[in-house]
Amino acid sequence: MEMAIGIRTSLGPSPRLPASANTYRNPRVAPTSVCFFKEILGRRVSCPSLNSRGCSNPKVRLRRTTTRCSTTSTAKEAASVSKKKSMTRRDVRNIAIVAHVDHGKTTLVDAMLKQAKVFRDNQTVQERIMDSNDLERERGITILSKNTSISYKGTKINIIDTPGHSDFGGEVERVLNMVEGVLLVVDSVEGPMPQTRFVLKKALEFGHAVVVVVNKIDRPSARPDFVINSTFELFIELNATDEQCDFQVIYASGIKGKAGLSPDNLADDLGPLFEAILRCIPEPSINKDGPTQMLVSNTEYDEHKGKIAIGRLHAGVLQKGTEVKVCTSDDTCRFAKISELFVYENFSRVPVEQVQAGDICAVCGINDIMIGETIADKSSGKALPTIRVEEPTVRMSFSINTSPFVGREGKYVTSRNLRDRLYRELERNLAMKVEDGETSDTFIVSGRGTLHITILIENMRREGYEFMVGPPKVINKNIDDKLLEPFEIATVELPEEYMGPVVELLGKRRGQMFDMQGVGSEGTSLIKYKIPTRGLLGLRNAILTVSRGTAVLNTVFDSYQPWAGDISTRDQGSLVAFEEGSTTSYALFSAQERGQLFISPGMEVYRGQIVGIHQRPGDLSLNVCKKKAATNVRSNKEQTVVLDSPLSYSLDDCIEYIQEDELVEITHLSIRMCKNPKLTKKR
């Protein structure tokens, strides 16, 4: 059993913060650092910022100490141990902003950039400036980690904005070795969510300092006390140290650009957040006079400069035009020359002649550089530990397009084009794997989830590739002659009136509920399930259907557990066209009585193409190109045909819909579904 004890304080304003940021006077939570106690385990997390009168429990006595961040003292102790060999840079802070999806990371970075005067006062700046990718702006999510920097009171703060979706956890894992601390952004209503647990676990494993930012504090149903208590419980569950549990709390509204130590009294700007970063994030520890060492954590490509390696310089000095040694994890090395050097200032890369240890920089001139390799001193350089990410859990088959419409719309259609593009993706995407399939024109792509692979498919489609993909399958393991499959933690936030149908749906897919609670005062509930990854395939659309679009589903990988049994993911069959041609209104009018259609009149279809959803189990072949007989036309008046609106399925919807014997045909202009001709012939 764990017990959280709230603290009351009457301290005045912090001497390092603006006067506008008054102390937090909530009787349940401490002001600048959270104070809790774990009595049963015999472990006590001290609250250094409170006096003896601040404890709400009269049985607990606290000794008077000065305000500090425990992580800062830990950094000082570590620095004193290796005082002779290393030193710290006081003019630099390296931080990563991590959170669950839609908790406001990118919006908070926007506010930090604006208040740091990165942009001119009259400059037009779009929302979510860090989401520069077209696909990111369309979907409203962050897919790739991005670097930027700001200056505050003479200190350069390097900021890395990371994705919040669990499928892109590899992006978070590979950038955490570039920073000394993280800003953990938590929604003021939802609290810690599945991806919050994942990113916090990785940050604690690296030993990073954590500053908790309770964002969206201006929401009407905000509940900061619950969020802070839940976050602390999460720290304890992840076996955080006493120093890590004594974390700094900042309350903020990213969209308004305000922050403070109290949810009821925010400052007019983000000053309290900037001060917390300078005070609680440790200074980078460097070996200034040692041999050069830089671990490549990211790569980009420029048409003029070629491949650009991005990483943090751990030791030594990197100069433009010098020769270096590129080392890999297996102790193989090669020589290269640095043509250009860049550092991040504000929202752009600035060319420099040299970079000091502790800073994040970009290196040009090494065209064969890979993520995880070390740029080291030419004579005495050694490789740093390589980047390790978790294994993928889902795989899909990619193959060349074999439909009758092949080559009509795509630019790259051969297996050689497909192979080169897939293996080129591995250079940047560490969490993805590509293997050769059973035939020379088939490839198996493994990723963290269906969204992880779907983003790759969408990027390839926009680049002009034409290919087919099969249904997603989970990656099982055999350990001690036992079949294990991946399980995930699924959280569903939905109105209480739709609780019954959603619970029934999750139960059919072998899900087991382990938590249910109310969320805020809006009449919504939050249910948590442990469910096989197989059961999540096609689940999102089914939940949206039974909840009328009001449910929000989030998942994160948990562990491998014994096989849960057979799962039926789709009860309805498909409507399949049995001849090639152009669809007609006359044929579709009779076909729509059999189910819901994907097509409209005048569209070109081919034999075996899926044209709709059958209203019953099993597939049904239809003639959607049938034309009305031209006999006795003059004596009969033409009848008005009323057709239902066709279903419009996106790429994600199509991948969730298809089953074992079906494929998705992907071209630059069209997305079609069809039956797999190889499996059809076998049957």
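Residues numbered from 1 in each chain as written. Predicted model: local features only at pLDDT ≥ 70, side-chain atom pairs only at ≥ 80, totals over all residues. Heavy atoms only, no water.

A word on the pattern of salt bridges
Throughout the structure, instances matching the rule amount to 31 salt bridges. Here E173 and R448 are joined by a salt bridge, their closest N and O atoms 2.2 Å apart. Of the two residues, E173 sits in helix α4 (residues 169-175) while R448 sits in the loop between β24 (442-447) and α10 (450-462), which places them 275 residues apart along the sequence. For the pair shown, E173 and R448 are each scored as buried. Among the ionic pairs, E485 bridges to R534, the shortest N-O distance being 2.6 Å. On the criterion of sequence distance, the pair formed by E485 in strand β28 (residues 482-495) and R534 in helix α12 (residues 533-536) is long-range, its members being 49 residues apart. (Salt bridge = Lys/Arg side-chain N within 4 Å of Asp/Glu carboxyl O. Helix = DSSP H or I, 4+ residues; strand = E, 2+ residues; numbered from the N terminus. Buried < 20%, exposed > 50% of the residue type's maximum accessible area, 1.4 Å probe, protein only.)

Brief notes about the confidence of the model for the protein
The pLDDT averaged across the protein works out to 79; a share of 82% of its residues lies at or above 70. Element-level mean pLDDT values for the protein span from 38 in strand β2 (residues 43-44) up to 93 in strand β25 (residues 467-469). Below a pLDDT of 50 lies the segment residues 1-68, which in the model reaches 143 contacts outside its immediate sequence neighbourhood of four places, other chains included. Across residues 70-84 the pLDDT falls below 50, and counting only partners more than four positions away or on other chains, this stretch makes 12 contacts in the model. (pLDDT = per-residue confidence, 0-100. Contact = heavy atoms within 4.5 Å.)

Focus on the environment of H314
On the secondary structure map, H314 appears in strand β13 (residues 306-315). Counting along the chain gives 136 residues from H314 to M178, while the straight-line C-alpha distance between them is 8.9 Å. When neighbours within four sequence positions are excluded, H314 is seen to be in contact with N177, I286, N287, Q293, L295, A357 and L384.

A word on the sheet that holds strand β37 (residues 620-622)
Read across the open sheet, the 4 strands follow the order β34-β36-β32-β37; overall the sheet is mixed. The sheet terminates laterally at β34 (595-597) and β37, the two strands that pair on one side only. Taking the axes of each pair of neighbouring strands and ignoring which way they run, one obtains an average angle of 30 degrees across the sheet. Sheet topology places β34 next to strand β36 (residues 610-614); 3 bridges connect them, and they run antiparallel. (Pairing = 2+ DSSP bridges. Axes fitted to C-alpha atoms, helices over the stretch in contact; angles between N-to-C directions.)

As for unusual backbone geometry
Phi at K153 is positive, roughly 55 degrees, even though this residue is not glycine. With respect to the secondary-structure elements, K153 resides in the loop between β5 (146-152) and β6 (155-161). Not every positive phi belongs to a glycine, and D480 is a case in point at roughly 55 degrees. Looking at where D480 falls in the secondary structure, it is placed in the loop between β27 (477-479) and β28. For D480, a relative accessible area of 68% gives the class exposed.

Notes on the packing of helix α11 (residues 499-508) against helix α13 (residues 539-546)
It is the contact of α11 with α13, at a shortest axis distance of 9 Å, that shows an interaxial angle of 155 degrees. With respect to each other, α11 and α13 are oriented roughly antiparallel. Crossing hand, α11 versus α13: right-handed. Mapping the contact onto sequence places P501, V502, L505 and L506 in α11 and L539, A542, I543 and V546 in α13. Split by residue class, the contact of α11 with α13 holds 8 nonpolar, no polar and no charged. (Parallel < 35°, antiparallel > 145°, perpendicular 65-115°, else oblique. Left-handed = near helix turned anticlockwise from the far one by under 90°. Nonpolar A, V, L, I, M, F, W, Y, C, P; charged D, E, K, R; others polar.)

Examining the packing of aromatic side chains
The full count for this structure, using the stated rule, is 9 aromatic pairs. When the centroid spacing of 4.9 Å and the interplanar angle of 35 degrees are considered together, the rings of Y152 and F274 count as tilted. Linking Y152 in strand β5 with F274 in helix α8 (residues 271-280), this pair joins segments that are 122 residues apart in sequence. Aromatic side chains F598 and Y649 sit 5.0 Å apart centroid to centroid with 45 degrees between the ring planes, which places their arrangement in the tilted category. Highlighted residues: F598 in the loop between β34 and β35 (604-605) and Y649 in the loop between β37 and α15 (651-657), separated in sequence by 51 residues. A relative accessible area of 14% places F598 in the buried class. Here Y649 falls in the partly exposed class, since its relative accessible area comes to 28%. The rings of F598, Y649 and Y657 are connected pair by pair, giving a single aromatic cluster. (Phe/Tyr/Trp six-rings, centres within 6.5 Å; stacked < 30°, edge-to-face > 60°.)

Description of the sheet that holds β6
Hydrogen bonding along the main chain pairs the strands of a sheet, whether they run parallel or antiparallel. Read across the sheet, 7 strands follow the order β5-β6-β4-β7-β8-β9-β10 without closing on themselves; strand pairing throughout is mixed. At either margin of the open sheet sits one strand with a lone partner, and together these are β5 and β10 (258-260). Put simply, the sheet's adjacent strands are angled 30 degrees from each other on average, direction ignored. Where strand β8 (residues 209-215) and strand β9 (residues 248-253) come together, 4 bridges link them in parallel fashion. Across the sheet, residue V212 finds its bridge partner in β9, namely V249. Set on the sheet, α8 makes contact with β4 (92-99), β5, β6, β7 (181-187), β8, β9 and β10; between it and β9 the angle comes to about 155 degrees.

Brief notes about the pairing of β5
Among the 7 residues in β5, 6 count as buried, and that is most of the element. Here β5 runs beside β6; their pairing, made up of 7 bridges, is antiparallel. Note that in β6 the partner of K146 across the bridge is D161.

Structural notes on the nonpolar core
Generally speaking, soluble globular proteins have nonpolar side chains that are buried together. Counting 41 residues, the largest nonpolar core has L184, L200, V210, V212, V214 and F235 as the members making the most contacts within it. The element best represented in this core is helix α6 (residues 224-237), accounting for 6 residues. Residues contacting F235, with those up to four places away along its chain left out, are L184, L200, L204, V210, V212, A240, Q244, C245 and F247. Judged by nonpolar contacts, the second largest core, of 30 residues, contains I95, I150, I159 and A209. (Core = buried A, V, L, I, M, F, W, Y, C linked by side-chain atoms within 4.5 Å.)

What to know about α11
Taken residue by residue, α11 has M499, V502, L505 and L506 as its buried positions. Down the axis, α11 shows its buried residues gathered within 135 degrees of arc, on one side only. Summarising the contacts, the buried residues of α11 are in contact with β28, β29 (512-519), β30 (524-532) and α13. Count one or two residues on from α11 and you reach R510, which has phi positive near 65 degrees. (Arc of directions from axis to C-beta.)

Re helix α5 (residues 194-205)
For an α-helix, the turn length of 3.6 residues means that residues three or four places apart are oriented alike. The terminal C-alpha atoms of α5 lie 17 Å apart, and with 12 residues this matches the ideal 16 Å at 1.5 Å per residue to within 8%. Counting buried positions along α5 yields 9 of 12 residues, so the element is predominantly enclosed. Every buried residue of α5 is accounted for by P194, Q195, T196, F198, V199, L200, K202, A203 and L204. Just past α5, the residue G207 takes up positive phi, approximately 75 degrees. (Expected span 1.5 Å × (residues − 1).)

Concerning the environment of G170
For G170, the position within the fold is in helix α4. On the basis of relative accessible area, G170 is assigned to the buried category, the value being 6%. Separated by 261 residues in the primary sequence, G170 and A431 have C-alpha atoms spaced 5.2 Å apart. Leaving out residues up to four positions away in the same chain, G170 has contacts with V389, A431 and R448.

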